[in-house]
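Residue-level structure breakdown
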Amino acid sequence: MAVTITMGIQKGGSGKSTTTGILAHLLSKDFKVLAIDMDSQGNLTELLTQIPSNEFVGRSILEAMQKNTTSNFIFEVNDNLDILPANNFLATFPRWIYTGQTYLGESQPYKGNPSLILDKLLDEVRDHYDFIVVDTAPSLSEQTTNALCASEYVVVMYECSNWCYSAIPNFMDSVDAANQIGNRNTSVLGILRTMNDVRRSDAKAFNELIAEDYPELVFNTIITRKAQTGRLSVHGFEDNKELSQALIQYQEFYKELIERVKNR
Ligand SMILES: Nc1ncnc2c1ncn2[C@@H]1O[C@H](COP(=O)(O)OP(=O)(O)O)[C@@H](O)[C@H]1O
Ligand SMILES: [Mg+2]
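Nothing here was measured: the structure is a model prediction, and the numbers come from that model. (Residues numbered from 1 in each chain as written. Chains lettered and ligands numbered in written order. Predicted model: local features only at pLDDT ≥ 70, side-chain atom pairs only at ≥ 80, totals over all residues. Heavy atoms only, no water.)

In terms of helices and strands, the protein carries 11 helices and eight strands. Its C-alpha atoms put the protein at 55 × 40 × 30 Å along the principal axes. Counting the 264 residues in the protein, one finds 56% classified as buried. Contacts spanning at least 24 positions in sequence make up 77% of the contacts within the protein whose residues lie at least 6 apart. If you sum the accessible surface of the protein, you get close to 11800 Å²; carbon and sulfur atoms cover 48% of it. The average position of the 23 basic charges and that of the 33 acidic charges among the side chains of the protein differ by 3 Å. (Helix = DSSP H or I, 4+ residues; strand = E, 2+ residues; numbered from the N terminus. Buried < 20%, exposed > 50% of the residue type's maximum accessible area, 1.4 Å probe, protein only. Contact = heavy atoms within 4.5 Å. Areas by Shrake-Rupley, 256 points an atom, 1.4 Å probe, with all protein chains shown as cover. Lys, Arg positive; Asp, Glu negative; His and termini not counted. Charge placed at Lys NZ, Arg CZ, Asp CG, Glu CD.)

We now examine the sheet that holds strand 2 (residues 33–38). Read from one edge to the other, the open sheet built from eight strands follows the order 3-4-2-5-1-6-7-8, with strand pairing classed as mixed. Looking along the sheet, the strands with just one partner apiece sit at the ends: strand 3 (75–78) and strand 8 (218–224). The sheet shows a mean angle of 25 degrees between the axes of neighbouring strands, taken without regard to direction. Contacts from helix 7 (residues 162–181) reach strand 1 (3–8), strand 6 (153–159) and strand 7 (187–196), with the element oriented near 170 degrees to strand 6. (Pairing = 2+ DSSP bridges. Axes fitted to C-alpha atoms, helices over the stretch in contact; angles between N-to-C directions.)

This paragraph deals with the nonpolar core. Nonpolar side chains tend to gather and get buried jointly when the protein is soluble and globular. The biggest cluster of nonpolar side chains holds 56 residues, and the ones touching the most others in it are Val155, Val156 and Leu257. For this core, the element with the most residues is helix 11 (residues 243–263), which contributes nine residues. Apart from the residues lying within four places of it in its own chain, the contact partners of Leu257 are Ile5, Leu23, Val155, Leu189 and Phe219. In this structure, Leu34, Leu62, Ile97 and Ala147 belong to the second largest nonpolar core, which totals 27 residues. (Core = buried A, V, L, I, M, F, W, Y, C linked by side-chain atoms within 4.5 Å.)

Moving on to the side chain of Asn207. Tracing the chain through its elements places Asn207 in helix 8 (residues 201–213). The contact partners of Asn207, leaving out residues within four places of it in the chain, are Tyr158, Cys160, Arg193, Asn196 and Ile222.

So, on to the site of ligand 1. Near ligand 1 there are 15 residues, and of these Gly13, Ser14, Lys16, Thr18 and Lys226 occur at the shortest range. Thr224 is positioned with one of its backbone polar atoms (N or O) 3.0 Å from a nitrogen atom of ligand 1. The backbone of Gly230 places a nitrogen or oxygen atom 3.1 Å from an oxygen atom of ligand 1. Protein contacts shield 78% of the accessible area of ligand 1, which totals 560 Å² for the unbound molecule. Of all elements in the fold, only helix 1 (16–27), strand 8 and helix 9 (227–230) reach the threshold of two or more residues within the shell around ligand 1. (Near = heavy atom within 4 Å. Polar contact = N/O pair within 3.5 Å; in protein donor to acceptor, adjacent residues only side chain to side chain.)

Most of strand 2 is tucked away, with six of its six residues classed as buried. In strand 2, alternate side chains face the same way, and those of Val33, Ala35 and Asp37 on one face and Leu34, Ile36 and Met38 on the other are all buried. Here strand 2 runs beside strand 4 (residues 81–84); their pairing, made up of four bridges, is parallel. Bridging across to strand 4, Leu34 finds its partner in Asp82.

Taken as a whole and assessed by the stated rule, the structure comprises 10 salt bridges. Two residues, Asp119 and Arg126, come together in a salt bridge whose shortest N-O distance is 2.8 Å. What makes Asp119 buried here is its relative accessible area of 5%. A relative accessible area of 1% means that Arg126 is categorised as buried. Glu208 is the salt-bridge partner of Lys204, the closest N and O atoms lying 3.2 Å from each other. Of this pair, Lys204 and Glu208 both sit in helix 8, four residues apart, roughly one helical turn. (Salt bridge = Lys/Arg side-chain N within 4 Å of Asp/Glu carboxyl O.)

So, in structure tokens, the structure goes:
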């Protein structure tokens, strides 16, 4: 039975897609992994497949949720890693839920709980994977609440800044709500401090502030801004000469994460 982990925060540029991609890559060395892109930007899709997300129109997570089946929508990245991809049409997900209108103009109103569509879909594949990792949009939209409700664990992405700091309380409330509404005992696995600029004292201050607020939850690893990590979006994980440098600071985070999952 797969363990499902969502990366989230309703703030863009916090390293969600990068971290989800790296986590999927590292997990796939030892486990069978399904990555799910729940952001219409399709960044995780492009990071892991190196294919433009527009090429997945008609065969993405949106249609999988609308048809309540993963068959024909899972794309194989390699032997151990699959992805349910996304593209811009995922932005029409709420419209479909509440009006029945798809982007093709079809209309079949959705009748179940609007927050549990992804959770229900994943029942079909949970036995096929060890881990499912989910990337989310920078908003507390239906896409995000579905991801939270489908997950046992959430990694809160904390980009060391004031606007990310102010996003945290509402995000924590959303995880609590998912715990109440959903069936997976959703809880925060940890808070990952990312995009840290070591030259900025305000970044250091926001790092310390979150550790004071949530001493039990922050991971010890702090991810700094590093060119090779940023360039993963260009080179991906195959034939990338600087891959080990891009991943090096994530190795410690990965160890911490596996340890926490084991001990829960
Ligand atoms: N540790 C890092 N160092 C440098 N650049 C990074 C790092 N992590 C992510 N990036 C880059 O910063 C931008 C935002 O990261 P991304 O993963 O897309 O965040 P989010 O998904 O939260 O919006 C992207 O261009 C990405 O390539
Ligand atoms: Mg993203």
